Amino acid sequence: MSLIHDLIPHMRRVLAAERDLRELGLLWQMIESTAAIACPEEADSILGVITQTRHRFESLQARLVEQLGKEVLAELQDELASAAQCTIDILVRNLFERTADVGFLATDDALRALCLAAPEDRPSGAAALARRLVAYRDKYSVYDDIVLLAPDGAVLARADEAACLPASRDAHLAEAQRAAGYVEWFGCSDLGAEPGVPTLFYAHRVEDAATGRCIGVLVLRFRHSDEMARIFDSVADRRRQAALVLVDANDRVIASSDDAHVPLGARVACAPGGEVQLTHFAGREYLSVTRASPGYQGYHGPVGWRAHAMVSLLTAFSGRQADEAGADGGVALDNAELGRIQAEVDAINGELRRVVWNGRLVARSRPGLQSTLKAVLRQVHETGARTRARVAAAITDLCGTSLARQDHQAHELARLAADIMDRNLYERANDCRWWALSPAIAEGLSGDGPTHAQGLQRVLAHVNGLYTVYARLVVFDAGGRIRGVSNDPADGSLLGGMVEAAWTEAVRGLTDAQRYAVTPFTAGPLTDGLPTYVYLAAVRDPVTQALLGGVATVFHAQREFRAMLDDVLGTRDGVAAFVGADGRVLACTDERWPTGAEWPFGGQGRVTVLGVHYAVSGVAAAGYREFKRSDGYDNQVRAIVALRLGAAERRRTALTDRPPRALPRTGAEPAREFALFTVGAGHYALAAPEVLEARPCTGWVGLPTASDAGRPLEGLLEVPDGAGGSCVVPVLGARRLLGVEHAARQGDGVVIVLADAPGSLRPGLGLRVDAVDTVLDIGPEHQQPPEATLRSCAPHWGGLLKVGAGGDRTDNNLVLCLDANALRRLAMDRAAVG
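Here's the deal with helix H4 (residues 109-116)
If you check which residues of H4 are buried, you get Leu-111, Arg-112, Leu-114 and Cys-115. Around the axis of H4, the buried residues are gathered within 165 degrees of arc, so they sit on the same side. Between the side-chain oxygen at the start of H4 and the backbone nitrogen of Ala-110 there is a gap of 3.0 Å, and the oxygen is on Asp-108.

Okay, here's the thing in structure tokens:
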């Protein structure tokens, strides 16, 4: 038995639908038996259809229940998978930055100087370096400690002033001295904040710039518990009572969103493959999804780390209701199975309408059996209506669940995009402030000779080569003159020029090393004409604190924002964008809306753009840690994701779902029966005595003249001749005859067979319409003969009928009645011409 069949007993919505559909199936069996007993000969023509309908309904019932279960489970899987994937993706992106940090900081000249200093000189330099490490930690607040150690493990300088460890015995220090790059480890260490509490460390050897030999080890202590709590808080959905944990290569929990539920150190049963699976934990059954990182720029995080989302089977499906918004609003979904189910439903409904329609015609021709046959037909009609309503409710549930899935996915992707952007720009705000504290930059601004300029150019080129998210790095003096610039054009046109006056003004307003400024999202000479953010920090004399100038980091917004959005959207069919408060696009995955274009999707809900329905969700980029939360800056950007739902259809609700009704009689004259049908968006009628039956289009043969829009003769159809044989009749196309040009709905098409002469039972003509509707008794007071002027321009029109509107409407409509004799003449004339 499959997982879905195991889980359906836990899905109340699905069980309710299964019960209702089963009861309807029993009702169809009762109607079939009643018809066979009450009027076996007259009902013979409809018994086969009723039996076939019952079998098709039973098959449809099983498919509907299974699909409902699949959609409900898929909705849960989407939520669990989204939480797990967002958790590990956000974490890995964050840790990737840490690998860059430790490598770059290990090249800091101040660290090298202390490592090379004589033992007796180190105490005097340690205090100054400790202050520099504190300044770094204050800006890169993801760390709670930074330690510089000698090759033998002795602590040379440390940001944590309360720590009193003289030397470390951690074995990873020896590994860091041997490694060419960073060393990453998670575990307990004497460098940790608390004994016995594991944490995440990044270490890198410090080399002598001249010889390359190892002269020390730099260790950054990552705020693992704090960071995971922030990620869980932004990702976890408390309404679902799901637990979200981070596990290591041994499936041990190393971070948990709910320690009381899933404690640290516990071992969980992971779900390999990334799909939802039934697992067990602490003696209970859970539905779980485990996700690993696909990697970010080649980095996959600590070995074996994955995010695991789990929810108890007892509560997994409780309180989950389908979102029915838009279910009757014409939202078509790109769901193949749902489309096949809807097509089968339409086919069953059409067949039932046809059999009731034909049955009414048979009952009219046999007055002695009208009451019995009409009673059976009424049962078929009423049960068919109940079946349509219950199946429609199930399909609405399916659509609502699928829509809710898309809405949730759009929201989660938008939230992820906003989070990624804020975390990325948090690093940008840190970079400019840290580089502004560089002794090399301060020294370069302290003089105005060629040596100073060359030194600045060399430093900026080196840093920009390591940090490629920037289009350019600029150092300018207090007067705004550019003293150093990376990626200067070949003609050197930028060096020696002036920065914008707003930049120098902004730098003058930065009163301490923790402050920074950001330009609006605009283009300028130093941004190569591309709109972007430029981050600014003040450079001051390390002794006097006099303003020397500023550092400007030109973020490559076009490339980096687009890469973020592409990563978030992946292969999904939709659009992702960053949009400013003015409604203009900063970056977008669709070239139709370039930077600066007006965003067409709005920020929330379901919209139709260029003939396609989308589920749209927008999330404000609200900041990360102190960035945009307590530092006074806010770029007021929203991340918006629009996921395709399906093509917008002109009309999804069939007219036959709201058949007209006969108006109350006001006169004593006998009523006439009219057979109603639909073509395009209108109801039409024929006098019932002219109609023999309605047949499916099976066996239809098209004619070459069908390509001529001026000829309503479309093809030929073989039909029973009423005498035990068959004959072929010409078929007129009602759509061409009535000038309906738009495409028919999928599944539309039935042929009404007319007699070859009034009162005859021999077929002579077919009229292809969209669907049969109903048969009504209409009094003469509600019949209007055609006017002479109308008859001259449309000879096939035979008058108007006044009927009540269908459904819940109380108004009246006019139905055009076609003249059967005129149709016969038209068919004969067209056949002769053909």
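Next comes the rest of the description.
A word on helix H5 (residues 122-139)
Between its first and last C-alpha atoms H5 spans 25 Å; for 18 residues at 1.5 Å apiece the expected length is 26 Å, and the two agree. Here H5 has its buried residues at Ala-126, Leu-129, Ala-130, Arg-132, Leu-133, Val-134, Ala-135, Tyr-136 and Lys-139.

Regarding the pairing of strand S17 (residues 585-588)
Pairing geometry for strand S16 (residues 574-579) and S17, over 3 bridges, is antiparallel. From the neighbouring strand, Ala-577 faces S17, where its bridge partner is Cys-588. Count of turn residues in the S16/S17 antiparallel hairpin: 5 residues, of which Gly-583 carries a positive phi of about 80 degrees.

Digging into a nonpolar patch on the surface
A surface patch of nonpolar side chains, amounting to about 230 Å² of accessible area, comprises Val-701, Leu-716 and Val-728. One can find Leu-716 in strand S25 (residues 713-720). Leu-716 sits in the partly exposed class, given a relative accessible area of 31%.

What to know about the packing of aromatic side chains
The way to describe two aromatic rings as a pair is by their centre distance and the angle between their planes. Per the stated rule, a full pass over the model turns up 26 aromatic pairs. Ring plane angle 70 degrees and centroid distance 6.3 Å describe the contact between Phe-104 and Trp-435, whose orientation is recorded as edge-to-face. Taken as a pair, Phe-104 in helix H3 (residues 44-105) and Trp-435 in helix H9 (residues 370-436) lie far apart in primary sequence, 331 residues in all. Judged by its relative accessible area of 15%, Phe-104 falls in the buried class. Plain terms: the ring middles of Phe-281 and Tyr-286 are 6.2 Å apart, the flat faces sit at 75 degrees to each other, and that makes the pair edge-to-face.

Section: the sheet that holds strand S3 (residues 183-187)
What the 5 strands build is an open sheet, ordered S2-S1-S5-S4-S3; its pairing is antiparallel. Taken across any chain shown, the strands that pair with only one partner, and hence form the sheet edges, are strand S2 (155-158) and S3. Averaged over all adjacent pairs, the angle separating strand axes in this sheet is 25 degrees, with direction ignored. Pairing between strand S4 (residues 199-207) and strand S5 (residues 214-222): 8 bridges, direction antiparallel. Of the residues in S5, the one forming a bridge with Arg-205 is Val-217.

Things to note about the pairing of strand S8 (residues 277-281)
Here is the key point about a regular strand: its side chains alternate between the two faces of the sheet. Bridge count between S8 and strand S9 (residues 284-291): 5 bridges; the pairing is antiparallel. Counted as the bridge partner of Phe-281 is Arg-284 from S9. Remark: 2 residues form the turn of the hairpin made by S8 and S9, two consecutive strands paired antiparallel; Ala-282 in that turn has positive phi of roughly 50 degrees.

Examining the environment of Thr-553
Mapped onto the elements of the fold, Thr-553 is located in strand S15 (residues 547-555). Under the relative-accessibility criterion, Thr-553 is labelled buried at 0%. Distance in space between the C-alpha atoms of Thr-553 and Arg-340 is 55 Å, their sequence separation being 213 residues. Not counting residues up to four positions away in its chain, the partners in contact with Thr-553 are Cys-432, Trp-435, Tyr-470, Arg-472, Leu-473, Tyr-533, Val-534 and Tyr-535.

Some words on the nonpolar core
Core analysis: the largest hydrophobic core is formed by 154 residues, its most contacted members being Leu-287, Phe-317, Tyr-533, Phe-561 and Phe-578. In this structure, Ala-688, Leu-754, Val-775 and Leu-826 belong to the second largest nonpolar core, which totals 30 residues.

Comments concerning the side chain of Asp-773
Relative to the elements of secondary structure, Asp-773 occurs in strand S29 (residues 771-778). A relative accessible area of 7% means that Asp-773 is categorised as buried. Of the polar contacts made by the side chain of Asp-773, one reaches the side chain of His-683; its length is 2.7 Å.

Regarding the sheet that holds S17
Strand order in this open sheet of 5 strands is S17-S16-S20-S19-S18, and the pairing throughout is antiparallel. Among the strands making up the open sheet, the edge pair consists of S17 and strand S18 (604-609). Neighbouring strand axes in the sheet, compared pairwise and without regard to direction, differ in orientation by 25 degrees on average. The strands touched by helix H13 (residues 557-569) within the sheet are S16, S17 and strand S20 (638-647), with S16 carrying the most contacts at an inclination of about 140 degrees.

Notes on the state of the cysteines
The final tally for this structure, using the stated rule, is 0 disulfides. Cys-164 takes part in no disulfide bond, and the closest cysteine sulfur, belonging to Cys-188, lies 18 Å away. Judged by its relative accessible area of 72%, Cys-164 falls in the exposed class. Among the cysteines around Cys-214, which has no disulfide bond, Cys-115 carries the closest sulfur, lying 8.2 Å off.

About the cut-offs
Residues numbered from 1 in each chain as written. Predicted model: local features only at pLDDT ≥ 70, side-chain atom pairs only at ≥ 80, totals over all residues. Heavy atoms only, no water. Buried < 20%, exposed > 50% of the residue type's maximum accessible area, 1.4 Å probe, protein only. Helix = DSSP H or I, 4+ residues; strand = E, 2+ residues; numbered from the N terminus. Arc of directions from axis to C-beta. Polar contact = N/O pair within 3.5 Å; in protein donor to acceptor, adjacent residues only side chain to side chain. Expected span 1.5 Å × (residues − 1). Pairing = 2+ DSSP bridges. Patch = residues over 30% accessible without salt bridge, like charges linked within 9 Å, V, L, I, M, F, W, Y side chains within 5 Å. Areas by Shrake-Rupley, 256 points an atom, 1.4 Å probe, with all protein chains shown as cover. Salt bridge = Lys/Arg side-chain N within 4 Å of Asp/Glu carboxyl O. Phe/Tyr/Trp six-rings, centres within 6.5 Å; stacked < 30°, edge-to-face > 60°. Axes fitted to C-alpha atoms, helices over the stretch in contact; angles between N-to-C directions. Contact = heavy atoms within 4.5 Å. Core = buried A, V, L, I, M, F, W, Y, C linked by side-chain atoms within 4.5 Å. Disulfide = S-S within 2.5 Å.

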